[in-house]
Amino acid sequence: MAGRYHIMKNSSALYRLGQMYFNERLAPYNLGAGQQFFLNRIAGSPGISMAELAQIGTFDNGTVTRAVRRLSDEGYIRVETDESDRRVKRLYLTEKGEPLIGPLAEMRREWFEAVTRGFTEEEKAQTGALLERLAGNARDYIQAMQDKGERPERARHEEE
């Protein structure tokens, strides 16, 4: 019965197609699809830590480190050491990064409109709610595995 709904296949296809879209649209900025999440979150929460980014996006620390390094190397963000806890790195947009937020929001809006074409507002809301439940169930299941001593790694996401 699980295969009947093709949830995993279709969510995977949606993810990969979104990566293709963002890779193409972000190429002029020398960025890949993987950086758009991080840039958007840093813009919305100036001073966010790398650990907070990892938790919000369910990313492993290596993925966050690589994305932050790329954004920093390109001059879109700056990394500052927290004065009260020198282990914590705080992230901020730079003057070069700020103008990218508008085009990035437009890309996200365009992609959302493309993938929800023909959906009613109610269907969009239902889809969002169902996906949120799926993700919550997945988090709960992984947490239960970890609580039993099983060690699934955090999801790895492509950055380019």
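Criteria and thresholds
- Residues numbered from 1 in each chain as written.
- Predicted model: local features only at pLDDT ≥ 70, side-chain atom pairs only at ≥ 80, totals over all residues.
- Heavy atoms only, no water.
- Core = buried A, V, L, I, M, F, W, Y, C linked by side-chain atoms within 4.5 Å.
- Buried < 20%, exposed > 50% of the residue type's maximum accessible area, 1.4 Å probe, protein only.
- Helix = DSSP H or I, 4+ residues; strand = E, 2+ residues; numbered from the N terminus.
- Contact = heavy atoms within 4.5 Å.
- Polar contact = N/O pair within 3.5 Å; in protein donor to acceptor, adjacent residues only side chain to side chain.

1. A few points about the nonpolar core
Right, on to step 1. Within the largest apolar cluster, 25 residues are counted, with the highest numbers of intra-cluster contacts made by Leu39 and Leu53.
Right, on to step 2. When contributions to this core are tallied by element, the ones reaching two or more residues are α2 (7–26), α3 (33–44), α4 (50–57), α5 (61–73), β3 (89–93) and α6 (101–115).
Right, on to step 3. Here this core gets 5 residues from one element, more than from any other, and that element is α3.
Right, on to step 4. Once residues lying within four places of it in the same chain are set aside, the contact partners of Leu39 are Leu31, Leu71, Tyr76, Ile77, Leu93, Leu100, Ile101 and Leu104.

2. Looking at the side chain of Asp82
Right, on to step 1. Along the chain, Asp82 turns up in the loop between β2 (77–81) and β3.
Right, on to step 2. Taking relative accessible area as the criterion, Asp82 reaches 12% and is therefore assigned buried.
Right, on to step 3. A polar atom in the side chain of Asp82 sits 3.1 Å from the backbone nitrogen of Asp85.
Right, on to step 4. Dropping the residues within four chain positions of it, Asp82 is found in contact with Val88 and Arg90.

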